[in-house]
Amino acid sequence: DAYPGSISAAKGTVVIKMQIRHDDQKMLEKLKDMTIWIERKLDKEISLSAYSTREDLLTGRRAMKKRMLRKGRHASVFFSEPLASKVPSSCKPGDVVVGTSSYCSGEASLPGDGKRPGGFPLLYTVGPKMDKPAPDDTIVEPKDERTSGERINDAVCDLRVEQLGKLTSEEKESGEFETLYNDLEKEYPKHIPLLLANLKYLDSLKPREENLPRIVEAANKVLAEISEDELALHFGKKLDKEDAEKVKKNKEMEKLKSALTEALARKAFAYSEMTTDDAAENFAGTLGALKGWVDIDSNGKYAGLAITRDRRAGKNGLALKRVNKLLSKVNGKDTGGVRPLSRSDLLHERLEIFRELGYDALVRRDQANKVVASPLDYKLF
C-alpha cells in the first residue's frame, strides 16, 4: 500500500483485495501476477548467539564476549543461524525474518541510551526444510504374488471404478452413472469400492427425501461384504511391521475399516432424516455400531451426527455447546468427513437450536450475523 499500516487479522483464511486504477488496460494487465509483500510480528523473539571468528561459529564454542574498541578500530561479529525449532512453522522458504542488533551497552552516567536507536538491521532468509530421516522401523513391503493376468484385471477394475466417481454432474443427471454402475455390478458384485461409489452417488442425489431408503439399502450392501468380527480381531493386536504378510493384510483391513465407518455414517444420516416409526430405533442402532469403531464426540468428521443425536435426545444445551466449539475452530474451513459442516451450516444449526429453546432475541441476532458471516460476495470498493 502507498500508506501501509498494521491491522489485526482474525485466525483462519484472510482474503486480501486491492484496487488499482489506470486509464490504460494494458498497464493493469501487467500487474495481474504481482507479488504481495506481507510483514507481521513474531509471536516470540528469536535470540542469536554471536561469535568473533568463523571457527567459533562452526564449533559453537567461545561465544563472543564483551570488549572495548578504541576509536578507529574494528571487530568482526558472526551470528549463528537460529535453530529450526525457533523459526515459526508458518515461515516458508524465501521468507525473510527481520530483527535488530546493538553493539553498545551504554553508560548509566551519560544521558540517553548510549546506543543507536532501533539498533542495526539484521536479516535472515529462511531456507528449505530438511527432510526428516526415515524411522528405523521401516515397513517391509510384501511381494505381490498375483499373476500378471490378475494384476491387469484388478487394475482395470480399479480404473473403471475411479472413472465412475469422476463423472460430471451433467453425466450423472442423464442417468449415465446408474447405467455404468449396473454393468460393473454384474462383473464385480462384491467389489467394495464399487458399492461405496454407488452409496456416495445416492447420498448426493436431490431431492434427498425420496432416496433415503435407497441410501440405506446401498449402505447395507457395503456392510454385508465386511466382517466386523474379523476387523475387531485384527485391530486388537499390535502390527508386526517386519512381517510382510501382516503388513499387507493391515493395509487391506484399514481400507475395509474406512469403508465400514463411512457406510455406517451415511446410513445413520439417512435414518436421522426419515419419518417412519422405526427410524429413531434404527438411527440409534446404527449410531451405536459406528461408535464401536470411532469416537463421534471427539472426532470433528462426525460432528453432524453428534449434534443430531443430542438434538433428538432433547439435549439442546449440549448440542449448542458442541456447535459453538466447532464455530471457534472451523475458521473458514469445513469439518470434513461424510457430511462436512461449513461455518454457514453451523450458524444455521445454532439458529434452529435457539428457535427450539425459544430464545427469540438470539434468533434475531444470529439471523443478522449470518448475513455478515457468510456474504454472497464482497462489497465493491
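Residues numbered from 1 in each chain as written. Predicted model: local features only at pLDDT ≥ 70, side-chain atom pairs only at ≥ 80, totals over all residues. Heavy atoms only, no water.

Student: I'd love a proper account of the overall build of the protein, names of residues and values included.
Tutor: When you go through the protein residue by residue, the secondary structure sums to 14 helices and four strands. By principal-axis analysis of the C-alpha atoms, the protein measures approximately 90 × 65 × 55 Å. Looking at the 381 residues of the protein, the share that counts as buried comes to 25%. Look at the contacts in the protein between residues 6 or more apart in sequence, and 56% of them connect residues 24 or more apart. Total accessible area on the protein stands at roughly 28,500 Å², and carbon and sulfur atoms take up 52% of it. (Helix = DSSP H or I, 4+ residues; strand = E, 2+ residues; numbered from the N terminus. Buried < 20%, exposed > 50% of the residue type's maximum accessible area, 1.4 Å probe, protein only. Contact = heavy atoms within 4.5 Å. Areas by Shrake-Rupley, 256 points an atom, 1.4 Å probe, with all protein chains shown as cover.)

Student: How would you explain the confidence of the model for the protein if you had to name every residue and give the values?
Tutor: Low-pLDDT portions of the prediction should not be read for the details of their coordinates. For the protein, mean pLDDT is 85; residues scoring 70 or higher make up 92% of the total. For the protein, the element scoring lowest by mean pLDDT is helix α14 (residues 360-373), at 84; helix α7 (residues 212-224) scores highest, at 93. (pLDDT = per-residue confidence, 0-100.)

Student: Any details on the nonpolar core? Residues and values, ideally.
Tutor: Core analysis: the largest hydrophobic core is formed by 44 residues, its most contacted members being L290 and L305. Those elements giving two or more residues to this core turn out to be α3 (148-165), α5 (176-187), α6 (192-204), α7, α9 (244-273) and α10 (279-291). For this core, the element with the most residues is α9, which contributes ten residues. Aside from chain neighbours lying at most four places away, what touches L290 is T261, L264, A265, I296, Y302 and L305. (Core = buried A, V, L, I, M, F, W, Y, C linked by side-chain atoms within 4.5 Å.)

Student: Can you lay out the environment of P4 for me, pointing to particular residues and giving the numbers?
Tutor: Within the fold, P4 resides in the segment before α1 (25-29). As for P4 and V294, which are separated by 290 residues in sequence, their C-alpha atoms are 49 Å apart.

Student: Run through the packing of α6 against α9, naming residues and quoting values.
Tutor: It is at 11 Å that the axes of α6 and α9 come closest, and there the two elements cross at 25°. One finds that α6 runs roughly parallel with respect to α9. Note that α6 runs across α9; the crossing there is left-handed. Facing α6, whose interface residues are I192, L196, L199, K200 and D203, α9 presents L256, A259, E262, A263 and R266. (Axes fitted to C-alpha atoms, helices over the stretch in contact; angles between N-to-C directions. Parallel < 35°, antiparallel > 145°, perpendicular 65-115°, else oblique. Left-handed = near helix turned anticlockwise from the far one by under 90°.)

Student: Hey, could you go over the side chain of R322 for me, with residue numbers and the actual values?
Tutor: Position of R322 among the secondary structure elements: in helix α12 (residues 316-330). Setting aside chain neighbours within four positions, we find R322 in contact with D297, A306, I307, R309 and D310.

Student: Give me the lowdown on unusual backbone geometry, citing residues and values where you can.
Tutor: Cis geometry is found at the peptide bond from K206 to P207, where omega equals 0°. Within the secondary structure layout, P207 lies in the loop between α6 and α7. A positive phi angle, close to 45°, is found at R62, a residue other than glycine. Along the chain, R62 turns up in the loop between α2 (54-59) and β2 (78-79).

Student: Describe in detail the packing of aromatic side chains, supporting the description with residues and values.
Tutor: This model, assessed by the stated rule, comprises four aromatic pairs. Note on Y103 and F120: the rings are 5.4 Å apart at their centroids and 50° apart in plane angle, and the pair reads as tilted. Taken as a pair, Y103 in the loop between β3 (96-101) and β4 (120-125) and F120 in strand β4 lie far apart in primary sequence, 17 residues in all. Look at F354 and Y359: their rings are 6.2 Å apart centre to centre, the planes differ by 45°, and that puts the pair in the tilted class. Of the aromatic side chains, those joined through ring pairs into one cluster are F177, Y181 and Y201. Above the ring of F235, the side-chain terminus of K257 is found at 5.0 Å from the ring centroid. The ring of F283 carries R312 above its face, with NZ or CZ at 4.8 Å from the centroid. (Phe/Tyr/Trp six-rings, centres within 6.5 Å; stacked < 30°, edge-to-face > 60°. Lys NZ or Arg CZ within 6 Å of the ring centre and 35° of its normal.)

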